[in-house]
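# Notes for the structure review
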Amino acid sequence: MATEPAQRTSPPGPIGRRRAERLDRLAELAATPPDERGESLTRETLRRLRRSPMAMVGASIVLIFVVIALIGPLLTPPPSWLPLPLYSPIENVGLEQIRPGQIPGPSGDHWLGLDHLGRDELSRMLYGARQTLLVGVVATLIGFTAGAVIGGVAGAAYGLGGRIGRWIDSILMRFIDLLLAMPPLLLAFSVAAVLGRSLTAVMIAVGVAATPIFARLLRGSMIAQANRDYVLAATSLGVRRPRIVLSHVFPNSLAPVIVQATLTLATAIIEAAGLSFLGLGNPDSRWPEWGTMLAQAQAQLAVQPMLAVYPAIAIIITALGFTLLGEAMREALDPKLRR
Amino acid sequence: MTRFIIRRLLQVIPTLAALSVLLFIWLRRLPGGPDAALLGERATPEARAAIRERLGLDEPILVQYGRYMKDLLRLDFGVSTQTQQPVIDEFLIRFPGTVELAFTALAIAVGVGIPVGYLAARRRGGWLDNLVVSGSMVGICTPVFFLAFVLKWVFGEQLGWLPTFGRQSPGINATHVTNFFVLDGLLTREWDAAWDAFLHLLLPAIAVASIPFAVIVRMTRASVLEVLNEDYVRTAEAKGLTDRTIRGRHVLRNALLPVVTAIGVLAGALLSGAVLTETVFAFNGIGRFVYLAIQNADYPVLMAFIMFIALTFVTINLLVDISYSIIDPRVRVH
Amino acid sequence: MELTVSPTEGPLLAVSDLSVEFHRKGQRPVRAVDGVSFTVDAGEVVGLVGESGCGKSVTALAITGLLPQRGVRVGGQARFAGTDLLTLDRRSRRDLRGREIAMVFQDPISSLNPVVPVGVQVAEVLTRHRNMTRRQARSTAAELLDRVGIPDPQRRLKEYPHQLSGGMRQRALIAMAVACQPRLLIADEPTTALDVTIQAQILELLKELVQEIGTALIMITHDLGIVAGMCDRVNVLYAGRVVETADRRALFAHPHHPYTVGLLRSIPRLDGARGERLTPIPGSVRDLLPWQEGCAYAPRCTRRSEECLDGLPALVEEPDGRAYRCIHPERAGGPTRDTVRVGA
């Protein structure tokens, strides 16, 4: 075959088109990190996760938590054909049993006892899972979105904008670094104090506190990817830029973000609980959320300490589940540990 | 070196300025208007008028901002609505308590954390190692204030080993010089007061230390594991040096570098922990004060606290940057 | 612990049937060293030659006791001045290291502690083994740095490794190694990470020191040029076994083992004809899997036959000190003739 100069633009005619396709496919193969089994990154990661006990435990916990969050509200109160001792989480069903200095513990009718307003603790715990999950997810989403925007802009400016672009990037990163220097709880505290006392304020505040991490992560990932050899190789082979970004840079940048999101979910729940404890959450304690429940249990500590223990253990286990899963994913993706 | 510091300081100023603007905007949008918010419940019409005058609320906004900044720079944050005392004074009274608490917690976290992390790394895969890895993960997932509850209930109320209320027992008559209670006791030679204050510090300090401890142990362990694989450790072994020399000069001196950089994170965890823990033990520090400020809508205090956090951690960040260049000769500005 | 010194009786170091097996969780054990034997006389320079992965470094680490304790099984003997190093307790081995047996490694920058001044790193060997005071150690360290050719040694004492050039770092490491005038020095690819011009200097330095101190030197390298320039005797390793041992001249003039032949032949020659093709050894050193029985080199050997796969070739020892493991060795006729006998 005669040697022809490599062309960047799409050549006319079917031959040219075929060549471009072949190049693209070649670039794809070249871009996939080499692995002796020739697996894709996702499949290999999933395989390693399946083997890791940490991942399995974490994933199981998360799964159970999500299931409870989804069906909890459906069971409280339970449909008539389900003979479970569950009630509506906001009804003071056992009010008559509450005396000053006395809150009944577990009994046949109430497996976890009552809370200080006579509501069934177990029902509140089951219902509260959903609200807790919501808090974690929303806060993480806020953090991720805001962080992705800032980090994405910074990374793009750095890569595409020349001198001005790099200047923009450094200004943004200076700001992000300062946010990072603040302890997340206190940062969230500041935001929540300003926004007022509501659960929404808490979610936004925790999300803001998580933003700098995502911003840093995404920007760093973008810049690192852009410099990777396989991108240079693909470019030199004639693969077009947007395709490189979409099929290679983006998926590879996604992995650490997923890991971080999982870890952030865990800390979001804990931070939200902390903020509630400090009095920044929703003062209305009717609809249960584990963090608020834990915070309000403080007042009953002398009378019925278990009211603090149930939500605390639930939070700890759930946060642990997400953390285990996140850490396991991080290990699975770490190229250094990849054989 | 000084040029480095000055440059970093200059980079910090825009953000602090931006923060002051944000707080200013927030101030003006507080419920009831800034005059009512700053005065709290005891807002008499005269007081409100006085405040309006002082803040220049009828003047153009830039003038208001100017006055606001002037006050800020003079560290005049107004008067606490709870105590009617200047905010800055209230802070200065309570700050030493929190510092004592944080310091004790840090001492515990470092003093126990580094050896444990080192041992876990040395005996990789042993029971200590596994305990450390799983324990630190659980520690990070436990809300600090719940840990405080547990400590208070177990060691305070059930076992009665340690005091759980306040900074000093009511019976003790202590003279306070610096408001660092333990230090005061030592300075005035009131040994029982010093000891009593110390005991009061222990439980809250353990609670506050939990997260820094988990962080330090994990970092030390990871860092030591990495360093143990380094070639220069192999060289040290090849030279036949003693275990102690290798551990001290070659392993730890390198392994602890990242831990030093984590001081910034640790300081954050310490202050957060203090804010969460002081209330549980009715420990009279900044944390508790702020908690009460939230409960009582004491905006001047809250604003001052936010500014305080920003300033503190910006400073710590800068100090860490500088110290790292001192400790690691490779980073030193050539 | 005092070692009985028997300088005139027998070799300084006698390694017999050394084997090293690595056990990793969930993987098959790997025999990095499989029955290696060689000797080193006092003051001699012995080469351990082979490609990467042939086990030469692991051999050295096993002898000095620097292999990790867990997951490693070491067999055989390594007699140093009469005492088997492999059966010594940890403390005694540690006492020997740095004082009687010293090592110089491959990569000078990573082999030096980055946060400790160079002077301290040299002096600590002296305070440890020669009981010097800090001041004595410091001045002796300066002398040592000077001896290894580092200019302005007083200043260097206070400098950090990253402030020195690659060659100077390696010199410093050599200074640390010879500080106590060890009887045996092991150099594991000491020049591989250095520039070519510096390589020659470092090798010169090693030669001088060896003669001056009278220390024996084990030179571990993959570079036959270095071997030719420095070693008195040579051991060629392949896949964890010694396949040929010979006096230097004899090895280069009449290599016996096909692997040695291949190595020598694959070196491009200045006086070769223009356009002459290079002759590499076909195949590659695979991962160290447990071999099926037989000669490890057989898969790549042009002279192999059925019998080569039957069992490990016996060690043939010739009276002039030559030894090799091959049932079809190259005879006199040299490396340029290629006799192929395959099959049947």
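Since the structure is predicted, the reported quantities are computational estimates derived from the model, not experimental observations. (Residues numbered from 1 in each chain as written. Chains lettered and ligands numbered in written order. Predicted model: local features only at pLDDT ≥ 70, side-chain atom pairs only at ≥ 80, totals over all residues.)

### Points about the overall build of chain B
Defined as follows: For the purposes of this entry, the term helix denotes a DSSP run of H or I that reaches at least four residues, the term strand denotes a run of E that reaches at least two, and both are numbered from the N terminus. Residues with at least 20 neighbouring C-beta atoms inside 10 Å of their own are called buried, those with 12 or fewer are called exposed, and the rest are partly exposed, where every C-beta is derived from the backbone. Here, residue contact means that the backbone-derived C-beta atoms of the two residues sit within 7 Å.
Across its full length, chain B holds 14 helices and 0 strands. In chain B, the succession of helices and strands from N to C terminus is α-α-α-α-α-α-α-α-α-α-α-α-α-α. The principal-axis extents of the C-alpha atoms in chain B amount to approximately 80 × 55 × 40 Å. A total of 334 residues make up chain B; the buried ones form 41% of that total. Counted over contacts in chain B with a minimum sequence separation of 6, partners at least 24 positions apart contribute 69%.

### Focus on the overall build of chain C
Heads up, the condition is: Atoms counted for the radius of gyration: C-alpha only. Globule rule: 2.2 Å times the number of residues to the power 0.38.
Broken down by element type, chain C carries 10 helices and 12 strands. Radius of gyration (C-alpha) of chain C: 21 Å, near the 20 Å computed for a compact globule of 344 residues. The C-alpha extent of chain C, read off along each of the three principal axes, is 70 × 50 × 45 Å. Long-range pairs, those at least 24 residues apart, make up 66% of the contacts in chain C with a sequence separation of at least 6.

### Examining helix α6 (residues 127-141) of chain B
So the rule is basically this: The span one expects for a helix is its residue count, reduced by one, times 1.5 Å.
Its 15 residues place the ends of α6 of chain B 21 Å apart at the C-alpha level, agreeing with the 21 Å of an ideal helix rising 1.5 Å per residue. Among all positions in α6 of chain B, only V132, S136, G139, I140 and C141 of chain B are buried.

### Considerations on the environment of N254 of chain B
For N254 of chain B, the position within the fold is in helix α11 (residues 243-261). On the basis of neighbour counts, which here come to 21 C-beta atoms within 10 Å, the residue N254 of chain B falls in the buried class. Separated by 185 residues in the primary sequence, N254 of chain B and M69 of chain B place their C-alpha atoms 45 Å from one another. Beyond its immediate sequence surroundings of up to four residues, N254 of chain B is in contact with V227 of chain B together with N113 and V115 of chain C.

### Let's talk about the sheet that holds strand β2 (residues 30-40) of chain C
Sheets are built from strands that pair by backbone hydrogen bonding, the pairs being arranged parallel or antiparallel. Residue and element names in this part refer to chain C. For the record, the criterion: Only strands that DSSP links by at least two bridges are regarded as paired with each other.
Strands sit in the order β2-β1-β4-β5 across an open sheet of 4 strands; the sheet is antiparallel. In the strand order of this sheet, the two ends are held by β2 and β5 (83-84), each with one partner. As judged from the 8 bridges shared by strand β1 (residues 13-22) and strand β4 (residues 72-80), these two strands associate in the antiparallel manner. Opposite S19, over in β4, you have G75 as the bridge partner.

### Brief notes about the sheet that holds strand β3 (residues 45-49) of chain C
Residue and element names in this part refer to chain C. What the 8 strands build is an open sheet, ordered β6-β7-β8-β3-β9-β10-β12-β11; its pairing is mixed. The open sheet has two free edges, formed respectively by β6 (101-104) and β11 (316-317), since each of these has just one partner strand. As paired elements, β6 and strand β7 (residues 184-188) share 4 bridges and run parallel to each other. Across the sheet, A102 pairs through a bridge with L185, a residue of β7.

### Observations concerning the domain arrangement of chain B
All names here are of chain B. Note the threshold: Residue ranges for the domains originate in an automatic or database domain assignment. Ten residue types, Ala, Val, Leu, Ile, Met, Phe, Trp, Tyr, Cys and Pro, are classed as nonpolar, four, Asp, Glu, Lys and Arg, as charged, and the remainder, Gly among them, as polar.
Taken domain by domain, chain B holds domain 1 (2-73) and domain 2 (90-332). In this structure, domain 1 and domain 2 have C-alpha centres spaced 34 Å apart. Taken together, the contacts link 11 residues of domain 1 with 12 residues of domain 2. Looking at the side of domain 1 that touches domain 2, the elements that each hand over two or more residues are α1 (2-28) and α2 (33-39). Residue classes in the side of domain 1 that touches domain 2 are distributed as 9 nonpolar, 1 polar and 1 charged.

### Looking at the nonpolar core
As a reminder of what qualifies: Connectivity within a nonpolar core runs through C-beta atoms within 7 Å, and the core itself is a set of buried Ala, Val, Leu, Ile, Met, Phe, Trp, Tyr and Cys residues.
Among the nonpolar cores identified, the biggest contains 165 residues, and A188, A205 and L294 of chain A are the most heavily contacted of them. The element that contributes the greatest number of residues to this core is helix α9 (residues 191-228) of chain B, accounting for 19 residues. The residues that make up this core include at least three from each of domain 1 (2-73) and domain 2 (90-332) of chain B. Residues contacting L294 of chain A, with those up to four places away along its chain left out, are A273, F277, A308, P311, A312 and I315 of chain A together with P143 and F146 of chain B. Among the nonpolar cores identified, the runner-up in size contains 96 residues, and A78, L85, A141 and A296 of chain C belong to it.

### What to know about helix α4 (residues 121-160) of chain A
All names here are of chain A. Worth spelling out the cut-off: Take the seven residues that end at a residue and the seven that start at it, fit an axis to each, and the angle between those axes is the bend at that residue.
Under the 1.5 Å per step criterion, the end-to-end length of α4 is 56 Å for 40 residues, consistent within 8% with the ideal 58 Å. Along α4, the largest kink reaches about 30° and is centred on G128. Just beyond α4, the residue with positive phi is G162, at close to 70°.

### What about the packing of helix α5 (residues 87-122) of chain B against helix α12 (residues 263-278) of chain B?
Residues and elements named next belong to chain B. The criterion, for reference: Interaxial angle, 0 to 180 degrees, is taken between N-to-C directions of lines fitted to C-alpha atoms, where a helix line uses only the stretch in contact. For this classification, under 35 degrees means roughly parallel, over 145 means roughly antiparallel, 65 to 115 means roughly perpendicular, and everything else is oblique. Left-handed is the label given to a crossing in which the near helix is rotated counterclockwise from the far helix by less than a right angle, and right-handed is the label when the rotation is clockwise.
Between α5 and α12, the shortest axis-to-axis distance is 10 Å and the interhelical angle comes to 125°. Considered as vectors, α5 and α12 are oriented oblique to each other. Crossing handedness for the pair α5 and α12: right-handed. When α5 is examined against α12, the residues T98, L101, A102, A105 and L106 are found in contact with a partner set consisting of L266, L270, L271, G273 and A274.

### Overview of the interface of chain C and chain B
On the side of chain B, 19 residues touch chain C, which itself brings 26 residues to the contact. Secondary-structure elements contributing two or more residues to the side of chain C that touches chain B are α2 (90-96), β6 and α3 (118-129) of chain C. Of the residues contributing to the side of chain C that touches chain B, the split by class is 12 nonpolar, 7 polar and 7 charged.

### Topic: the pairing of strand β9 (residues 233-238) of chain C
Residue and element names in this part refer to chain C. Among the 6 residues in β9, 6 count as buried, and that is most of the element. Neither face of β9 is exposed, since R233, N235 and L237 on one face and V234, V236 and Y238 on the opposite face are all buried. In terms of strand pairing, β3 meets β9 through 4 bridges, oriented parallel. Bridging across to β9, G47 finds its partner in V234. Taken together, β9 and the strand that follows it, strand β10 (residues 241-247), pair antiparallel across an intervening segment of 2 residues, in which A239 is found at a positive phi of about 50°.

### Examining the environment of Y158 of chain A
Residues and elements named next belong to chain A. Mapping Y158 onto the fold places it in helix α4. Given 21 C-beta atoms within a 10 Å radius, Y158 is considered buried. Taking the C-alpha atoms as reference points, Y158 and I168, separated by 10 residues in sequence, lie 7.6 Å from one another. Once residues within four sequence positions are removed from consideration, Y158 is found in contact with G165, R166, D169 and I223.

### Let's talk about the environment of S170 of chain A
All names here are of chain A. Inspection of the secondary structure assignment puts S170 in helix α5 (residues 162-181). The exposure class assigned to S170 is partly exposed, which follows from the 14 C-beta atoms found within 10 Å. Remark: the alpha-carbon pair of S170 and G155, spanning 15 residues in sequence, is separated by 9.9 Å.

### Some thoughts on the interface of chain B and chain A
Facing the 29 residues of chain B at the interface are 30 residues of chain A. Partitioning the side of chain B that touches chain A into residue classes produces 21 nonpolar, 8 polar and no charged.

### So, the packing of α5 of chain B against helix α13 (residues 286-295) of chain B
Residue and element names in this part refer to chain B. The contact between α5 and α13 brings their axes to 7 Å, and the two run at 130°. For the element pair α5 / α13, the angle class is oblique. Facing E90, F91, R94, F95 and T98 of α5, the residues of α13 in contact are I286, G287 and F289. Looking at the contact of α5 with α13 residue by residue, the class counts come to 4 nonpolar, 2 polar and 2 charged.

### A look at the pairing of β4 of chain C
All names here are of chain C. As defined by bridge partners, β4 adjoins β5 across 2 bridges and the pair is classed as antiparallel. Along β5, the bridge assignment pairs R79 with D84. Linkage of β4 to β5, two consecutive antiparallel strands, is achieved through a turn of 2 residues, within which A81 is found at a positive phi near 50°.

### A word on the confidence of the model for chain C
Residues and elements named next belong to chain C. Definition in use: The pLDDT value expresses, per residue, how confident the predictor is, ranging between 0 and 100.
Taken as a whole, chain C shows an average pLDDT of 83; of its residues, 90% reach a score of 70 or greater. When pLDDT is averaged over each element of chain C, β6 comes out on top at 94 and β11 at the bottom at 82. The low-confidence segment residues 1-6 (pLDDT under 50) makes 8 contacts with residues lying over four places distant or belonging to another chain. Low confidence marks residues 333-344, where pLDDT is under 50. Its contacts with residues over four positions away, or in another chain, come to 15 contacts. Both scores are given for the predicted complex: the pTM is 0.80, the ipTM 0.83.

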